[in-house]
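Report on the structure
Okay, here's what each chain looks like letter by letter:
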Amino acid sequence: MTEPCIIVTGGAGFIGANFIQQWIAAESAAVINLDKLTYAGNPESLRDIAAHPRYSFVHADIVDFDVVAALLAKCRPYAVVNFAAESHVDRSIHGPGDFVRTNMVGTFQLLEAVRGYWSVLSADAKKNFRFLHVSTDEVYGSLQAGDPPFTERTPYSPNSPYSASKAGSDHLVRAYHHTYGLPAITTNCSNNYGPYQFPEKLIPLIILNALAGKPLPVYGDGMNVRDWLYVGDHCTAIRLALARGRVGETYNIGGDNERTNIEVVRTVCKILDAQRPQAQPYASLITFVTDRPGHDRRYAIDATKSRAELGWRAAETFASGIAKTVRWYLDNPDWVQSVVTGAYRTWLEKNYRDRGGR
Ligand code: NAD
Ligand code: DAU
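Residues numbered from 1 in each chain as written. Chains lettered and ligands numbered in written order. Predicted model: local features only at pLDDT ≥ 70, side-chain atom pairs only at ≥ 80, totals over all residues. Heavy atoms only, no water.

With respect to spatial proximity, 25 residues lie near ligand 2, and among them Asp 137, Tyr 162, Arg 292, His 295 and Tyr 352 are the closest. At 2.9 Å, a side-chain N or O of Asn 261 approaches an oxygen atom of ligand 2. Here ligand 2 loses 95% of its free accessible area of 700 Å² to cover by the protein chains. Those elements that provide at least two residues to the shell around ligand 2 are α3 (89-94), α7 (202-211) and β8 (216-219). The dominant element in the shell around ligand 2, judged by the number of residues it contributes, is β8, at three residues. Classifying every residue of the shell around ligand 2 gives ten nonpolar, eight polar and seven charged. (Near = heavy atom within 4 Å. Polar contact = N/O pair within 3.5 Å; in protein donor to acceptor, adjacent residues only side chain to side chain. Areas by Shrake-Rupley, 256 points an atom, 1.4 Å probe, with all protein chains shown as cover. Helix = DSSP H or I, 4+ residues; strand = E, 2+ residues; numbered from the N terminus. Nonpolar A, V, L, I, M, F, W, Y, C, P; charged D, E, K, R; others polar.)

This is the structure we're talking about:
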């Protein structure tokens, strides 16, 4: 009898690495991390559990059907949790091809491999198997001030190549449940923040630029709104969806923490002023720059269904989560060094060179 296990794809990324660490601490099954190790995948994020007997790593691409099918046949997981994706909106604007390849073709290939494996399981194992697809609130499009938050019934209206490719993957997952009966669940979550986030995303970018005395780039008027959720709370919701979610359903996950971008940036600056004071307040580095093309104005999540059906609650407030996050970046300069490579500097040059400062 083999040990119960799950396969996680994209587990060397921000949310995947947090999820695997939480899984090892809270669950008893083993976890196999299948990751391509793109620029966003960092084995350093899993250093603390790399030698754990219930953890193993497979360097592979979800597009590679044969490799994924062989891994499924060998490890016989009772669940696959799909985090693997290209995840940064600005990169999708500069180069959408990788997003279509991984998010759409990759999810398709993964679903095909999983369908082949699942379809020949015993009746019981078939019923208990889960494919959990980790998606985003961005598939619902953009809200205006005063609009009600996104529910699971909000029609899809993706606006960026990133969100369109995620929407495509969500539709494939839905179709594999509807057509083949694959026991799939999709979660749509709002903006995450916390330890191990790659510093191309707003919060870690602002922390690291501030510490380096560099401009803090705020797109447009800084009044775009995101709903921020601490990453550990997202990981808890995914574990609950796996254990208690109804197959074929989607679950919205959000923090009830709507903030304008400028508010978030000023909050980070205030925490740094207290923890790492410098001659000038960090907010003096704030620089308004040219907006992101097609920039969604507001996201907000109604997580009523996740609370009612999964019994999920966020443990962190924005105040507690952001304080922990800033502290983590201050306390982990080695991890920061491991991601701030030449390739990262090339990206900063590409994304910010022509934005100017207003
Ligand atoms: P990330 O960019 O930090 O990590 C992505 C991981 O996937 C990396 O480890 C990368 O190496 C791996 N990967 C990329 N292409 C791959 C491929 N073809 N095969 C195998 N592995 C591959 O992303 P994240 O922020 O951790 O997001 C994880 C998932 O959660 C994504 O699907 C994203 O759409 C979704 N999501 C993210 C957020 C957020 O705020 N970050 C919010 C909601 C949903
Ligand atoms: O909503 C969930 C999504 O959140 C996830 O699906 C994505 O994977 C994740 O990247 C995130 O997307 P956003 O585009 O909202 O996150 P980002 O951190 O890139 O930007 C947050 C907000 O800050 C957004 O309104 C753009 C703005 N911004 C971003 C950067 C990088 C700035 O003003 N300046 C910046 O330099």
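Compared with the 28 Å implied by 1.5 Å per residue over 20 residues, the 28 Å span of helix α6 (residues 161-180) between its first and last C-alpha is a close match. Listing the buried residues of α6 in full gives Tyr 162, Ser 163, Ser 165, Lys 166, Ala 167, Gly 168, Ser 169, Asp 170, Val 173 and Tyr 176. Contacts from the buried residues of α6 go to α3, α4 (97-119), β5 (130-136) and β6 (184-189). Phi turns positive one or two residues past the end of α6, at Gly 181, with a value near 80°. (Expected span 1.5 Å × (residues − 1). Buried < 20%, exposed > 50% of the residue type's maximum accessible area, 1.4 Å probe, protein only. Contact = heavy atoms within 4.5 Å.)

The next subject is the site of ligand 1. Neighbouring residues of ligand 1: 28 residues in total, closest Ile 15, Asp 35, Ser 87, Tyr 162 and Lys 166. Between ligand 1 and the protein, one listed contact pairs an oxygen atom with a side-chain N or O atom of Tyr 162 at 2.7 Å. Contributing elements (two or more residues each) for the shell around ligand 1: α1 (14-26), β5, α6 and β7 (191-193). The element contributing the most residues to the shell around ligand 1 is β5, with three residues. Within the shell around ligand 1, the residues separate by chemical class into 13 nonpolar, eleven polar and four charged.

Judged by pairing direction, the sheet is mixed, and its three strands sit side by side in the order β7-β9-β11 without closing on themselves. Bordering the open sheet on either side are β7 and β11 (258-260), each of which pairs with just one other strand. Across the sheet, the axes of successive neighbouring strands diverge by a mean angle of 50°, strand direction being ignored. One ladder, built from three bridges, connects β7 with strand β9 (residues 225-230); its direction is parallel. In the strand pairing of β9, Asn 191 is matched with Trp 228. (Pairing = 2+ DSSP bridges. Axes fitted to C-alpha atoms, helices over the stretch in contact; angles between N-to-C directions.)

Attention now goes to the nonpolar core. Core analysis: the biggest nonpolar cluster contains 37 residues, and Ile 322 and Val 326 have the highest contact counts within it. Of all the elements in the fold, those that place two or more residues in this core are α7, β8, β9, α9 (261-275), β12 (286-289), α11 (318-331), α12 (333-339) and α13 (342-352). Among the elements that line this core, the one with the most residues is α9, at seven residues. Sequence-distant contacts of Ile 322, defined by excluding residues within four places in its chain, comprise Tyr 193, Ile 203, Thr 267, Val 268 and Ile 271. Core analysis: the next-biggest nonpolar cluster, separate from the first, contains 36 residues, Cys 189, Ala 237, Ile 301 and Ala 303 among them. (Core = buried A, V, L, I, M, F, W, Y, C linked by side-chain atoms within 4.5 Å.)

Our next topic: the side chain of Arg 226. Within the secondary structure, Arg 226 is located in strand β9. From its side chain, Arg 226 meets the backbone oxygen of Asp 296 in a polar contact 3.2 Å long. Every residue in contact with Arg 226, bar those within four places of it in the chain, is listed here: Asn 191, Asn 257, Glu 258, Arg 259, Asn 261, Arg 292, His 295, Asp 296, Arg 297, Arg 298 and Tyr 299.

On to the pattern of salt bridges. Under the defined criterion, the tally for this structure stands at 20 salt bridges. The salt bridge involving Asp 221 is made with Arg 297; its shortest N-O contact spans 2.9 Å. With a gap of 76 residues between them, Asp 221 in the loop between β8 and β9 and Arg 297 in the loop between β12 and α10 (304-310) connect regions that are remote in the sequence. Asp 221 sits in the partly exposed class, given a relative accessible area of 40%. Salt bridges sharing common partners tie together Arg 246, Glu 249, Lys 305 and Glu 309. (Salt bridge = Lys/Arg side-chain N within 4 Å of Asp/Glu carboxyl O.)

Looking now at the packing of α9 against α11. What describes two packed helices is the angle between their axes and the distance between those same axes. Where α9 contacts α11, the two axes come as close as 10 Å, and the packing angle between them is 55°. With respect to α11, the axis of α9 lies oblique. Crossing geometry of α9 relative to α11 is assigned as right-handed. For the pair α9 and α11, contact is made by Val 264, Thr 267, Val 268, Ile 271, Leu 272 and Gln 275 and by Phe 318, Ile 322, Ala 323, Val 326, Arg 327 and Leu 330, respectively. Its residues placed into classes, the contact of α9 with α11 shows nine nonpolar, two polar and one charged. (Parallel < 35°, antiparallel > 145°, perpendicular 65-115°, else oblique. Left-handed = near helix turned anticlockwise from the far one by under 90°.)

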